[in-house]
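# Coordinate analysis (summary)
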Amino acid sequence: MSEYRKSPRSPLPSVAPPKSRPMRVADGGRIDRTRRLSFTFDGVAMTGFEGDTLASALLANGVDLVGRSFKYHRRRGIFSNGPEEPNALVRLRVGARMEPNTRATMVPLYDGLVAESQNRWPTLAHDIQALNWLIAPWIPAGFYYKTFMGRAANTRLWMWFEKSIRRAAGMGTGTHEADPDDYDKMTAHCEVLVIGGGPSGLAAARAAAAGGGRVVLVDEREDFGGRLLMDRETIDGEEGAAWAARMRAELAALSNVRLLPRTTAFGYYDHNRIGCVERVSDHLIEPEPHRPRQRLWSIRAAEVVLATGAIEQPLAFADNDLPGVMLAGAVRAYANQYGVKVGERIVIATNNDDAYRTACDLDDAGAWVEAVVDMRPKGAEPTLRAAIKERGIDILHGWAPVKAQGTKRVRGLAILKIDETGKPVGNQRAASCDIVAISGGWQPTLHLFSQTGAKAVWDDAKACFLPGPPRQRERSAGACAGRFTLSECLEGGHAAGLDAAEKAGAARPTLAAPRAEVTPQNPPRAIWECPKPVNTPGKRFVDLQDDVAVSDIQLAHREGYVSVEHLKRYTTLGMGTDQGKTSNIAGFAVMAAARGVEIGRTGTTTFRPPYTPVALGALAGPEVGEHYAPLRRTPMDSWHAERGCTWIDAGLWRRPRTYPAHEGEGLFDAYIRETKAVRGSLGLCDVTTLGKIDIQGPDAAEFLNRLYINGWKTLPVGKARYGLMLREDGLVLDDGTTSRLGETHFLMTTTTANAVRIMAWIEYYLQVVWPDLRVKATSVTEQWAAMAIAGPKARECLATVVDRDLSNEAFPFMACGPCVIDKGVAGAEIPARLFRISFSGELAYELNVPADHGRAAWERLMAAGAPFDIVPYGMEALGNMRIEKGHVAGPELDGRTTAEDLGLGRMMSSKKDFIGAQLARRPDMTRPDRKQLVGLVPVDGKTRLGQGAQLVAADAPARAGSLAAGGAPVAMIGHVTSTGYSPELDHPIALGLVENGRARHEEVIAMRDPVRGRETKVRIVAPVFVDPEGERLHG
Amino acid sequence: MFRIECPWCGTRDMVEFTYVGDGTLTRPALGARTGHFEHVYLRANPKGTHVELWHHVAGCRQHVAVKRDTLTHEILATGGPGEVTAARDDVPKGAAKGETGGMA
Ligand SMILES: [Zn+2]
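Remember, predicted model here, so these are calculated numbers, not experimental data. (Residues numbered from 1 in each chain as written. Chains lettered and ligands numbered in written order. Predicted model: local features only at pLDDT ≥ 70, side-chain atom pairs only at ≥ 80, totals over all residues. Heavy atoms only, no water.)

### Comments concerning the packing of aromatic side chains
- One pass over the full model with this rule turns up 18 aromatic pairs over all chains.
- Centroid distance F37 of chain B to Y41 of chain B: 5.1 Å. Interplanar angle 40°. Geometry classified as tilted. With F37 of chain B and Y41 of chain B both in helix α1 (residues 36-41), this residue pair falls four residues apart, about one helical turn.
- Classification of F37 of chain B by relative accessible area gives partly exposed; the value is 40%.
- What makes Y41 of chain B partly exposed here is its relative accessible area of 38%.
- Ring pairing ties together the aromatic residues W458, F465, W528 and F588 of chain A, which thus form one cluster. (Phe/Tyr/Trp six-rings, centres within 6.5 Å; stacked < 30°, edge-to-face > 60°. Helix = DSSP H or I, 4+ residues; strand = E, 2+ residues; numbered from the N terminus. Buried < 20%, exposed > 50% of the residue type's maximum accessible area, 1.4 Å probe, protein only.)

As structure tokens, this is what we get:
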């Protein structure tokens, strides 16, 4: 191999390790050199300037190694200067604010920043897993699946391997501490949303704002300007960056414009809703008081202008992942924006015109540009070529990069002449350099466009995907529409802004577009896969973050994965946190070449949100902790809290669970004491959360007849009835007591859990199915406070409070009607409704009072009950007593049980039709061996039964027989649904569902509860444990 | 997230609604012995125009028939239950206005 060498223009800089010297040039760049900022990287103290990113500061400090690759743990350096960065993922901040996988190229530098490299052990420079590289030929695409999932599948071996693989191929780790910062959410509406604040976006926002409508401009970087800040072009004679600053100021002064810098539009959703995340405080060491770290924006725009720019694509040649191989546009940006010369001797390899500008700018910045290696036989447009020649820089037409030389970083580039078909001709030559600036052309950033559901189309002339016809109300402008030159960006942005404003209803203003010099360009050459002569070692990486090389894609093709979607999943191409921003084009090109088709025919993958990673904290926003969901409190909530109850959640409600008599009284002791008190004398329970639906109208009884399985037309006014509803498929939906308050007026109650669902159910049937029924239904759950007063002393106590005759004759079981609390007592009267219904099985009444009187009525009853030692009782005692009585509740109404299963089949009226009647009669719904409701007691009289525990035959084997040997699993004949302890019987009790259970009373079966480590023999009994004749509630 | 034009409340965000189901179904009449299985279990899964029911739970609590392109999520028309036809043609938004009206 001969050395590529031209006669030196000036003393040639040596290729010394960059670490030994600062890389910041003496002046220039858009940084504030008066503001020096301190930061650390892997514990080493360094400094940078205001305006730096972490990446530019690291480069200025000569740091060339920033991370290890995902699979092979290869050394990687900073590759880009934007959101596409595949390599420089760092862990930012310490303690609870630690955040992994941040892109150093997008992290603004601040004083006190702490960053660490990731995916290396024990240190970045000496990473033991880099040995993976030595066995790399043995870790091809799909390796993990083939090796560990194939033969080893269904064995414990895979589980062991998986653990090690996941550790080896790990991303950065975060913290387990709670995030101390706040996150905010905002919603905005506008006529025109402009996404991207480069030249196109600024021109679009300016034009759209002139129409007078509301305009929002978002940009993911620290400031507006985009490539204007990274390049040295002029607009209307003004320096690009100055023009951008002036535009920003002019737009900020307009009342109809909202500017959102540091804001990434990450998702384009239906009906022009765009999700954005604003990094309010990420540029500070910690957020200022009362300011969030990030803010999630939901922006609904009438029209959208996508000005999202383009991402430069790399070239695939051997060892192109060495630190020092960088995107040409980034190399130029580091010089122009940050005053950082990333190397001393630079070779540029390109398939397009744009990289020539890097040659000019780096030459001006004082770097030695060794040569421009242009893969096109004719090279760039003449004025660009002339500018390069003027500087004495060589251009090699029709040459391609073949291999980056060096071990720890780039030391040179081997190149090769290629013919018209891309085949190598002649011998390799080498150029010494410490930076290889590569350009595979610019690919429009189509992520948001693609998320609208629209399709990208391949453009042969521009050698990139362009946006196809829009599916939502959006248009692309500038580089993201494949119009890459500044003049095209300004013109396109201006036109898009005017068009969007007009479509959103604004009048077209007279406004001239900003102008820049027209710069003609020669077309790029569609080659990304560079030749790899035999005996040239090294992988040609396509996806740097996921370590996917050309050979992996070719292997996938040989194995039949030809669809790009399959290719992606098999090789992990484009599956990293960068979502293939710098790997898709080369990857598709390699696949197209392998298939022998045009790249446009391989298609492109569908992009899905988010465009770049979004912190979960931002998505959660302020809805964390107590604010995660609203809390519903009953009118007596404050009384319960003052009484020191323990709580239990019931949907969004909180309900008293127990009222401990003294500190230290446990759950069991408390609910047993409460149960005994109710059954022995008197108790009071808050039952407000039960759903209450007021149903009125001439057809109300007919409507209930259709909803419930039992009949309602004969129910007299002043009486309540227990009802059961089925779903259309014949399974039980819900139950409750419904009372007839008047001829056309009913009050329905539902279970707490189903209150919302039943209300919607009723509305559906009234509005959609039977709109002819003259019925209105209203939820009144929160309008009425409800309390149950239960126990043998209930009548005696209540008689001192309400104005009704409570005798059995005047107010029998299931009676209902209005009453007044403390009638005639000035200032104390409370209107109420009284129901004689009982969930506990005791003599019991339920009192409903308007919600605002809830606490007063409750306290009145507690006072009236004092002579009877009244106790408040909570959900545990209530549930325990309903189990003692065999009443079904949520665990039994589990969406799989029929009325017959629950022993309520007799309720099904045969005289009328109702919802679910037909499908409830299907053969499988009436099979005699279905699981039926039973009572269960432990044979030993003491072992507690476990809710959800399995029920098996008494002589069932302890374990399933070997399945391989034809053994069968242990047959499950039922399960335990609800468990309690009956103080009256003095042993544990439970309800359960058992196959053919009603015919198996007194049979002994086994309970297996491996979750709680319990196992016992249980006896099947009738599901009523206390007062089976119901004498108490009728008493 | 869709924006749905409720005939009673105006255009609202999808978060105010819950999806109910296929709006082209007719429940078998009371007393009918057949049709229940089909009504409960059998659903078309059309690609393109479809009429579905949405319940404006955080608004007027009315059911709204929504004619939607299941492919593009474009909403072509809205109205009261039964007021929007399930014709499989693409009706431009403007032309469909006539289908939007109050419930009788
Ligand atoms: Zn509405």
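### A closer look at the pattern of salt bridges
All names here are of chain A.
- With the rule as written, the count across this model stands at 78 salt bridges over all chains.
- Among the ionic pairs, R293 bridges to D181, the shortest N-O distance being 2.7 Å. Here D181 lies in the loop between α3 (156-168) and β9 (183-195) and R293 lies in the loop between β15 (273-278) and β16 (294-306), a separation of 112 residues in the sequence.
- The exposure class assigned to D181 is buried, which follows from its relative accessible area of 10%.
- E303 is paired through a salt bridge with R473; the nearest N and O atoms lie 2.9 Å apart. Highlighted residues: E303 in strand β16 and R473 in the loop between β28 (464-467) and β29 (474-476), separated in sequence by 170 residues. (Salt bridge = Lys/Arg side-chain N within 4 Å of Asp/Glu carboxyl O.)

### Section: the packing of helix α11 (residues 550-558) of chain A against helix α12 (residues 564-571) of chain A
Residues and elements named next belong to chain A.
- Their axes nearest at 10 Å, the elements α11 and α12 cross at an angle of 120°. Considered as vectors, α11 and α12 are oriented oblique to each other. Here the hand of the crossing between α11 and α12 comes out right-handed. Note on element contacts: α12 touches α11 through L567, Y570 and T571, opposite D552, I553 and A556.
- Its residues assigned to classes, the contact of α11 with α12 shows four nonpolar, one polar and one charged. (Axes fitted to C-alpha atoms, helices over the stretch in contact; angles between N-to-C directions. Parallel < 35°, antiparallel > 145°, perpendicular 65-115°, else oblique. Left-handed = near helix turned anticlockwise from the far one by under 90°. Contact = heavy atoms within 4.5 Å. Nonpolar A, V, L, I, M, F, W, Y, C, P; charged D, E, K, R; others polar.)

### Re the interface of chain B and chain A
- Every contact between the two is made by 28 residues of chain B and, on the other side, 27 residues of chain A.
- The interface formed by chain B and chain A contains three salt bridges.
- We note a salt bridge from E763 of chain A to R61 of chain B, for which the minimum N-O separation is 2.7 Å.
- Counting across the chain B and chain A interface gives 14 residue pairs in polar contact (both at pLDDT 80 or more).
- Listing elements by their share of the side of chain B that touches chain A, those giving two or more residues are α1 and β4 (49-55) of chain B.
- Broken down by element, the side of chain B that touches chain A gets its largest block of residues, five residues, from α1 of chain B.
- Within the side of chain B that touches chain A, the residues separate by chemical class into 14 nonpolar, eight polar and six charged. (Polar contact = N/O pair within 3.5 Å; in protein donor to acceptor, adjacent residues only side chain to side chain.)

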